[in-house]
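Reading the structure
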Amino acid sequence: CPDFPGAHALLSRILLPGPPYREVLAHIHRTLRPDTYLEIGVETGATLALATTATTAVGVDPSASVREHGLAPGARVFHDTSDAFFARETPASVFGGRTVDLAFIDGMHWFEYALRDFVNAERWASEDGVIVLHDCLPVTAVAARRERASTFWVGDVWKVLDVLLEYRKDLRIHVVPTPPSGLVLVRGLDPRSTVLSARLDDLVAHYRGLEVPAPPEDWSSRYPLVENAEAA
């Protein structure tokens with residue numbers, strides 16, 4: 001019964017040992033020291049608060065529950081969907097014309113939303129920048145369903161990792177097996193790339209029907225895993 005209270009958290013710690021994702025994300029901030037930071041899906045603001053080095057840190061989340069107190073002075077939250085945000089705003093209006101050094105995508109848990117968020121974030125990114133994706137290593141199939149059927153739910157965001165590995169072989173991708181559902185670090189970004197945007201509808205149509213993610217026993221052969229340790 002994967003929805004038994006505490007079962008998913010316990011299983012994720014067994015299958016994904018090491019520091020949890022917020023600690024890993026904090027280490028990424030300390031290492032990269034981004035001057036510009038973009039976050040899609042802010043929730044309470046706990047991860048946006050990690051952007052202590054950024055002169056401009058921007059979060060995008062339609063929820064009114066986002067707590068903006070405790071954020072860095074340069075932090076700002078746009079209470080909007082990511083699609084509306086990218087349709088209306090530009091790097092000039094948000095970051096003063098600067099490119100994005102680090103982006104974290106943890107928004108709507110349907111794959112097509114996360115894929116569009118990646119395409120848009122890459123368009124705004126520095127060529128030396130990093131995009132981090134959350135929720136691509138679900139440890140239970142029920143948590144990875146497109147339609148929510150469990151308390152802990154990551155949706156079908158895991159399909160974005162498959163798309164990137166298949167269609168963007170120019171990218172440098174590392175998967176960190178951190179609980180509760182992994183982080184994907186993407187480097188080698190190309191803001192001018194149209195590989196994904198040109199076939200977005202076809203990709204959504206093809207991948208939307210996939211129902212079951214790769215099981216944990218196949219991760220090491222399927223994904224470019226790195227050790228979940230600060231030294232890595």
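These numbers were taken from a predicted model, which means no experiment stands behind them.

This part takes up the overall build of the protein chain. The helix and strand tally for the protein chain stands at eight helices and seven strands. What you see for the protein chain is a C-alpha radius of gyration of 17 Å, in line with the 17 Å of a compact globule of 232 residues. The C-alpha extent of the protein chain, read off along each of the three principal axes, is 50 × 40 × 35 Å. In the protein chain, buried positions account for 50% of the 232 residues. Sequence-distant contacts, at least 24 apart, represent 65% of the contacts inside the protein chain between residues at least 6 apart. With an accessible surface of roughly 10,800 Å², the protein chain has 53% of that area assigned to carbon and sulfur atoms. Of the charged side chains in the protein chain, 22 are positive and 31 negative, and the gap between their average positions amounts to 2 Å.

Time to look at the sheet that holds strand E5 (residues 125–134). Strand order across the open sheet formed by seven strands is E3-E2-E1-E4-E5-E7-E6, with mixed pairing between neighbours. The open sheet has two edge strands with one neighbour each: strand E3 (75–78) and strand E6 (172–176). Neighbour-to-neighbour, the strand axes of the sheet open up by a mean angle of 15°, direction not taken into account. In this sheet, strand E7 (residues 183–187) lies alongside E6 in antiparallel orientation, the contact comprising five bridges. Bridge pairing links Arg172 to Arg187 in E7. Strands strand E1 (36–40), strand E4 (100–105), E5 and E7 of the sheet are contacted by helix H5 (residues 111–124), whose axis makes an angle of about 160° with E5.

Our focus in this paragraph is the nonpolar core. One finds Leu38, Phe85, Phe118, Leu164 and Val186 to be the most contacted residues of the largest nonpolar core, which totals 45 residues. With seven residues, H5 is the largest single contributor of residues to this core. Among residues more than four places away in sequence, those in contact with Phe85 are Leu38, Val58, Val60, Phe78, Asp80, Val94 and Trp124. Counting residues in hydrophobic clusters, the runner-up holds 21 residues, among them Leu25, Tyr37, Val66 and Leu185.

The step from Pro179 to Pro180 runs through a cis peptide bond, and the omega angle for that step is 10°. With respect to the helices and strands, the residue Pro180 is situated in the loop between E6 and E7. Positive phi, normally seen in glycine, also occurs at Arg33, with a value near 45°. Inspection of the secondary structure puts Arg33 in the loop between helix H2 (21–32) and E1. The phi dihedral of Asp135 falls on the positive side, at around 70°, and the residue is not glycine. Here Asp135 lies in the loop between E5 and helix H6 (158–167). Under the relative-accessibility criterion, Asp135 is labelled buried at 3%.

Conventions used here
Residues numbered from 1 in each chain as written. Predicted model: local features only at pLDDT ≥ 70, side-chain atom pairs only at ≥ 80, totals over all residues. Heavy atoms only, no water. Helix = DSSP H or I, 4+ residues; strand = E, 2+ residues; numbered from the N terminus. Rg over C-alpha atoms; globule rule 2.2 N^0.38 Å. Buried < 20%, exposed > 50% of the residue type's maximum accessible area, 1.4 Å probe, protein only. Contact = heavy atoms within 4.5 Å. Areas by Shrake-Rupley, 256 points an atom, 1.4 Å probe, with all protein chains shown as cover. Lys, Arg positive; Asp, Glu negative; His and termini not counted. Charge placed at Lys NZ, Arg CZ, Asp CG, Glu CD. Pairing = 2+ DSSP bridges. Axes fitted to C-alpha atoms, helices over the stretch in contact; angles between N-to-C directions. Core = buried A, V, L, I, M, F, W, Y, C linked by side-chain atoms within 4.5 Å.

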